[in-house]
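# A closer look at the structure
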Amino acid sequence: MSDMLGFVQSNDIILDNAKLERIILKAKFVGYSVKEIRVNDELRGCIVSKDKDNILYILDTIERLNNNKALVDICEGLRDLTGKLRIVGGRNLISTSRLFESCQFEEYDFSGFKAENIVEMKNMFAYIHTYELNLYELKTDKVEDMEGMFYMASILKLSIGCTNTDKVTNFDKFFAYSIICNIDLENLRTPSAKSMRKMFMMSNIKELNLRKFDISKLEYMDNMFESCNADKIDLGNLDFSNVKSMNSVLYQYKGKLVTVDEKLLRLYKISMRAGM
């Protein structure tokens, strides 16, 4: 999706207030729908729409959009839109928590999203409904917290690819209650993961191939697979001996489990007997 207004086409351009004001004026002049995002009457961004093409402009001067009115306005402004969404700007953001919560776009384009310092993406795509979500161009190198990132999301195809999650310590509720028809989890990197509580709880993912997970620093996996609807969970040769807590890790899971970890096998057998 190209920038239909012809602005901010280069990553070297800083999207400041003056440029954003010109974008708004031009968009209104040519008859596009414009929703301004303001906090205390201060312009923070805008959403420009034409038919089913939508562009979210976020000022490069904003450092944080978490738990403040700007984030709430962006979320609410996006929820009623459909079609394609392109994100432009956001160079200095350090949090995108809840940014696309409950959105229903068919396509997301992160090629113009310049945020490289994000450390928090909690519930970023929670409750979304979409055909395909491709995270290849989403900059995640510094992210540490992805709790609930796809909580209750409904996605036909999720492409994680080579998304860098090496610094993420918190994967709690990452896919909890989600419905994802097509996903390749082999490339999900977890070398810094300390907590995976409820990560797949009540999720609807046909098969969980986690044999390549790095759990060397994992401490908590309570309820990780509770009531998970996967036909098969493949943990391969992963060693969970260093995990401090795994309460109810397989509670009410009824599918097939592949693991060499004796404690998990015992818990699995208990869970299977309880379900008889």
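Right above here is the structure, for reference.
Just so we're clear, the structure is a prediction, and the values are computed from it rather than from any experiment. Throughout this document, residue positions are counted from 1 along each chain, in the order its sequence is written. pLDDT decides what is reported in this predicted model: residues at 70 or higher carry local features, side-chain atom pairs at 80 or more are listed and counted, and totals for whole chains, interfaces and linings draw on all residues regardless. Here the side-chain values reflect all heavy atoms present in the structure, with hydrogen atoms and water set aside.

### What to know about the overall build of the protein
Here is the rule: Secondary structure elements follow DSSP: runs of H or I of four or more residues count as helices, runs of E of two or more count as strands, with numbering from the N terminus. When a residue's accessible area, from a 1.4 Å probe over protein chains only, is under 20% of the maximum for its type it is buried; when over 50% it is exposed; and in between it is partly exposed.
Each helix and strand in the protein was counted, giving three helices and 11 strands. Reading the secondary structure of the protein in the N-to-C direction produces α-β-β-β-α-β-β-β-β-β-β-β-β-α. The principal-axis extents of the C-alpha atoms in the protein amount to approximately 65 × 30 × 30 Å. When the 276 residues of the protein are sorted by exposure, 51% land in the buried category.

### Quick word on the packing of aromatic side chains
Threshold: Any Phe, Tyr or Trp ring, taking Trp's six-membered ring, that has another such ring centre within 6.5 Å forms a pair; planes under 30 degrees apart are called stacked, those over 60 apart edge-to-face, and the others tilted.
Within this structure, the stated rule accounts for 17 aromatic pairs. Both rings, one in Phe110 and one in Phe125, keep their centres 6.2 Å apart while their planes meet at 80°; by these two values the pair is edge-to-face. Placement of the pair is Phe110 in the loop between strand S5 (107-109) and strand S6 (129-134) and Phe125 in the loop between S5 and S6, with a sequence separation of 15 residues. Judged by relative accessible area, which is 1%, Phe110 ranks as buried. For Phe125, a relative accessible area of 0% translates into the label buried. Relative to Phe225, the ring of Phe200 lies with its centre 5.7 Å away and its plane at 5°, an arrangement referred to as stacked.

### A few points about the sheet that holds strand S8 (residues 179-183)
The condition that has to hold: The rule for pairing is simple: two strands pair if DSSP sees at least two bridges between them. An axis is simply a line fitted to the C-alpha atoms; with a helix, the fit covers only the stretch in contact. Between two such axes, the angle follows the N-to-C directions and lies from 0 to 180 degrees.
Across the sheet, three strands lie side by side as S6-S7-S8; this open sheet has parallel pairing. Each edge of the open sheet carries a strand with a single partner, namely S6 and S8. For this sheet the average axis-to-axis angle between neighbouring strands, irrespective of direction, equals 15°. Relative to strand S7 (residues 154-159), S6 runs parallel, the two being bridged by five bridges. Its bridge partner lying in S7, His129 is registered against Ser154.

### Observations regarding unusual backbone geometry
For Ser102, which is not glycine, the phi torsion reads 70° and is therefore positive. Following the sequence through the fold, Ser102 ends up in the loop between strand S4 (84-89) and S5. Looking at Ser102, the relative accessible area reads 24%, which means it is partly exposed. The backbone of Ser227 sits at a positive phi, close to 55°, despite the residue not being glycine. Secondary-structure assignment places Ser227 in the loop between strand S9 (207-209) and strand S10 (232-234). Residue Ser227 is classed as buried on the basis of its relative accessible area of 12%.

### Brief notes about the environment of Met146
Stated precisely, the cut-off is as follows: Two residues form a contact once any of their heavy atoms are found within 4.5 Å.
With respect to the helices, strands and loops of the structure, Met146 is situated in the loop between S6 and S7. Its relative accessible area of 2% is what places Met146 among the buried residues. Setting aside its immediate chain neighbours within four residues, Met146 contacts Met121, Thr140, Thr165, Val168, Asn170, Phe171, Asp172 and Phe174.

### Some thoughts on the environment of Ser245
Heads up, the rule is: Contacts described as polar in this section are N or O atom pairs within 3.5 Å, which, within protein, must combine one atom able to donate a hydrogen with one able to accept it, while residues neighboring in sequence count only if both atoms come from side chains.
Tracing the backbone shows Ser245 in the loop between S10 and strand S11 (256-258). In this structure the C-alpha to C-alpha distance between Ser245 and Lys142, which are 103 residues apart in sequence, comes to 27 Å. Once residues within four sequence positions are removed from consideration, Ser245 is found in contact with Glu219, Tyr220, Met221 and Asp222. In terms of polar contacts, Ser245 uses its side chain to reach the side chain of Asp222, at 2.5 Å. Reaching out from Ser245, the side chain makes a polar contact with the side chain of Asn247 at a distance of 3.4 Å.

### Description of the pairing of S4
Looking along a regular strand, one sees side chains alternate from face to face of the sheet. Among the six residues of S4, five are classified as buried, and the element is accordingly described as predominantly covered. Pairing analysis gives six bridges linking strand S3 (residues 53-58) to S4, with the strands arranged parallel. Each residue of the ladder has a partner; that of Asn54, found in S4, is Leu85. With three bridges connecting them, S4 and S5 associate as parallel partners. Pairing of Arg86 across the sheet is with Asp109, part of S5.

### A look at helix H1 (residues 17-29)
Inclusion rule: The length a helix should cover is 1.5 Å for every residue beyond the first. Comment: arc refers to directions from the helix axis out to C-beta atoms.
In this model, H1 (13 residues) spans 18 Å end to end at C-alpha, consistent with the 18 Å of a helix rising 1.5 Å per residue. Three or more residues of H1 are buried, namely Leu20, Ile23, Ile24 and Ala27. Along the axis of H1, the buried positions cluster into a sector of 95°, meaning they face one direction only. Across H1 from its buried face, at more than 90 degrees, point the exposed residues Leu25 and Phe29.

### So, the sheet that holds S3
Spatially, five strands are ordered S1-S2-S3-S4-S5 in an open sheet, and the strand pairing comes out mixed. Strand pairing shows two members of the sheet lacking a second neighbour, strand S1 (33-39) and S5, which therefore form its edges. The sheet shows a mean angle of 15° between the axes of neighbouring strands, direction not considered. Note that strand S2 (residues 42-50) and S3 share six bridges and pair antiparallel. In the sheet register, Ile47 faces S3, and the bridge partner there is Leu56.

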